[in-house]
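# Geometric and topological summary
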Amino acid sequence: MRTVGHALAQTLVERGTEIIFGIPGVHTIELYRGIEGAGIRHITPRHEQGAGFMADGYARIAGKPGVVFVITGPGLINTLTPMAQARADSIPMIVVTGVNRRDSLGKGLGLLHELPDQLGLSQTISKHAEQVEDASALEGVMARVFGALQGRPAPVHVEVPTDVMTLPAPETVTIPDPEPKAASDLTPILDALARCESPVILAGGGCRTQNLALLKLAQRLDAPVVQTVNARGLMHAHPLTVPASPSLQSVRDLIAEADCVLALGTEMGPTDYDMYATGTYPEMSNLLRIDICDDQLSRHEAACRLTGDLNEILPVLAEQSPGKSNARGSERAEKARLAARAEIEALTPGYARFVSQIETLRDACPDGIFVGDSTQAVYAANLYYDHNRPGGWFNGATGFGALGYAIPAAIGAALADPSAPVVALMGDGGAQFTLPELGVARDENLPILFVVWNNNAFLEISNAMEAAGISPTGCHPSAPDFEAAAAAYRLDFRRIAPEQLQNALSEILPLNGPMLLEIDMTG
């Protein structure tokens, strides 16, 4: 008999799901009937938070939703943190859970995994969350769930009561294709670009799959391109690229001097534009914005706003934009790059060294995917760093800012592109949030280089407390013996001093499986 749980899982398979990240439990067994024999790769993390972060990393590289199966109650709650991170960064994710039987919901009967209102909890974070109330509702629910993935990507959630999951299901579940979108009217944008003389482009994560179109547009406009964190890797090493944060004064000066600012696929959030929490933003004359989300567009004043998907719009915009030959784009970009790099040198001690170390890792791993946690090395590179793969630099230090992101998200990325070198960047504090997920890298024999800067502290927070005149409290949890941890999960291991990084990489690369590299910052 084809059950509701069986049919739901098969619907995901039919819509292109190849990998599911999940921990099976008594409330989700029926879902697994639907993936049995379907050629699905099931990845079992050590914690549901790991499942969510893996789905996030997978979605960023695969270009389609990461799918998570977790149990009722604690399974969903443990997945909410990665769902919030994914929502902040516009990453598509489908989370499927069970929920207790229908006649028990909201009654506080003390059932296993019971929550007062699981769906209501999920709705605070999901773009769309819905319960399959009976077998006849399945088709409509799945149609609405896939429909919600259109527009600005984000996590969606489907819950199935345990007594519905085993009901007989329809033989077919039809999901309509999205309605074709009307072509966007670029005339106001093109007219504004034709009138300007010294434009600047702000490239956000919405551009990350359009490297060639962005390059063509920048060259036609002779415009420097400032990249937010989720756009890093675009236009690598090009004379017009400015791989630096608009929180830096040098980059703000470049933007302020422009007579037109074209913002593409960026929500203009403080973690990119005001990471020092000064309450100020870069000065922008004649701001033109294109974004997939009306709500985002409404949050900042602009001379012109256009709602649309840059995957469709950017190639057309690049083709039709006016050509400019005297905007001194390369000269302005170089000035900003040099000033930004000098600004990094004068910042928090060690930031420039962290950037150099990550550049050494990049050069040793061409076309690599670098996945970062919230840690000083990543903060430094988010300020200034030019990655060499479009979409190949992302981390948990922006938006929601969840610790423990790097290890599982790197695993998801490696599964999405097995041919790419993958490097996970973390501190000793953040690593301990999801350290057991190293076991997944070993189970799947993924050649990921896990790099841990170990200073035996949450040093960024400790420094901030001292700067505020507060005695650093709670900032120095002891680090584990990372060599013993690597051995416990059967990973190769190397411990080095910072100055030994380049030589060590020449000895250990390429990898044949996962490796933990500890950079000892305590010496």
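Look up a bit, the structure's there.
A brief look at the structure comes next. Here the residue index of a chain counts from 1 through its sequence in written order. It should be noted that, the model being predicted, local features are given only for residues of pLDDT at least 70 and side-chain atom pairs only at 80 or more, the latter also being counted only at that level, while totals for whole chains, interfaces and linings use all residues. Water and hydrogen atoms play no part in the side-chain values, which are based on all heavy atoms of the structure.

Here we take up a nonpolar patch on the surface. Patch building starts from residues that exceed 30% relative accessible area and form no salt bridge, then joins like charges within 9 Å and nonpolar side chains (Val, Leu, Ile, Met, Phe, Trp, Tyr) within 5 Å. Exposure was quantified through the Shrake-Rupley algorithm and a 1.4 Å probe, taking into account, for residues, occlusion by the shown protein chains and nothing else. What counts as a salt bridge is simple: a side-chain nitrogen of Lys or Arg found within 4 Å of a carboxyl oxygen of Asp or Glu. Taken together, the side chains of Val 26, Ile 29 and Leu 112 make up a nonpolar region of the molecular surface, amounting to roughly 310 Å² of accessible area. Here a strand is any run of E in DSSP of at least two residues, a helix any run of H or I of at least four, and the numbering for each starts at the N terminus. Among the structural elements, Leu 112 can be located in the loop between strand S4 (93-99) and helix H5 (118-123).

Right, let's get into the layout of surface pockets. By volume, the largest pocket amounts to about 1100 Å³. Here a cavity means grid points, on a 1 Å grid over the protein atoms only, where a 1.4 Å probe fits yet cannot get out; a pocket means an open set of points with protein on both sides within 12 Å along at least five of seven lines; lining residues are those with an atom within 4 Å of a point. As for the largest pocket, its lining consists of 45 residues, of which Ser 90, Pro 92, Pro 153, Arg 208 and Asn 311 are closest to the centre. Breaking the lining of the largest pocket down by element, the ones donating at least two residues are helix H3 (48-62), helix H11 (270-273) and helix H13 (310-320). Any residue outside Ala, Val, Leu, Ile, Met, Phe, Trp, Tyr, Cys, Pro, Asp, Glu, Lys and Arg is labelled polar, Gly included; the first ten of those are nonpolar and the last four are charged. For the lining of the largest pocket, the class distribution of residues is 13 nonpolar, 20 polar and 12 charged. Grid points are joined across faces, edges and corners, and a volume is the space filled by probe spheres set on the points.

The two faces of a sheet get side chains in turn, since along a regular strand they alternate between them. Most of strand S15 (residues 422-427) sits inside the fold, with 6 of its 6 residues counted as buried. Alternating positions in S15 separate into two faces, Val 422, Ala 424 and Met 426 on one and Val 423, Leu 425 and Gly 427 on the other, with burial throughout. Here, strands pair whenever DSSP counts at least two bridges between them. Pairing of strand S13 (residues 369-372) with S15 involves 4 bridges; the strand directions are parallel. For Phe 370, the partnering residue across the bridge sits in S15 and is Val 423. Note: S15 against strand S16 (residues 448-454), 6 bridges, orientation parallel. Per-residue accessibility, obtained with a 1.4 Å probe over protein chains only, is compared with the maximum for each type, and a residue is labelled buried under 20%, exposed over 50%, and partly exposed between these values.

All right, on to the packing of aromatic side chains then. When the centres of two rings from Phe, Tyr and Trp lie within 6.5 Å, Trp using its six-membered ring, the rings pair. Their planes under 30 degrees apart give stacked, over 60 give edge-to-face, and anything left gives tilted. Tallied over the full model, the rule gives 7 aromatic pairs. Between the aromatic rings of Phe 21 and Tyr 58, the centroid separation amounts to 5.9 Å while the plane-to-plane angle is 65°, which identifies the pairing as edge-to-face. Note that Phe 21 is positioned in strand S1 (residues 19-22) and Tyr 58 in helix H3, a separation of 37 residues in sequence. Owing to a relative accessible area of 0%, Phe 21 belongs among the buried residues under this scheme. A relative accessible area of 3% means that Tyr 58 is categorised as buried. On the numbers, 5.8 Å between centres and 80° between planes, the contact of Tyr 32 with Phe 69 is edge-to-face. Note that Tyr 32 is positioned in helix H2 (residues 29-33) and Phe 69 in strand S3 (residues 66-70), a separation of 37 residues in sequence. Its relative accessible area of 18% is what places Tyr 32 among the buried residues. Connected via pairs of aromatic rings, a cluster forms that spans Phe 53, Phe 394 and Tyr 405.

Side-chain pairs of opposite charge can arise whenever the charged atoms involved come near each other. Evaluated as defined, the whole model comprises 22 salt bridges. Between Asp 363 and Arg 362 there is a salt bridge, with the nearest N and O atoms lying 3.0 Å from each other. Here Arg 362 falls in the buried class, since its relative accessible area comes to 10%. A single salt-bridge network, built from bridges that share partners, covers Asp 481, Glu 483, Arg 495 and Glu 518.

On the secondary structure map, Ala 183 appears in the loop between helix H7 (162-165) and helix H8 (187-195). Remark: the alpha-carbon pair of Ala 183 and Glu 312, spanning 129 residues in sequence, is separated by 8.8 Å.

One open sheet accounts for 6 strands, arranged S2-S1-S3-S4-S6-S5; its pairing is parallel. Edge positions in the sheet fall to strand S2 (41-43) and strand S5 (128-131), since each has one partner strand and no second. Within the sheet, the average angular offset between the axes of one strand and its neighbour, ignoring direction, is 20°. Judged from the 4 bridges that link them, S5 and strand S6 (residues 155-161) form a sheet pairing that is parallel. Bridge assignment links Glu 130 to a residue of S6, and that residue is Val 158. Working rule for contacts: check all heavy atoms of both residues, and any pair within 4.5 Å makes them a contact. To obtain an axis, a line is fitted to C-alpha atoms, over the contacting stretch when the element is a helix, and the angle between two such axes runs from 0 to 180 degrees between their N-to-C directions. Packing against the sheet, helix H6 (residues 138-148) makes contact with S4, S5 and S6, and its axis sits at approximately 170° to S5.

Just distances and angles here, no functional claims.
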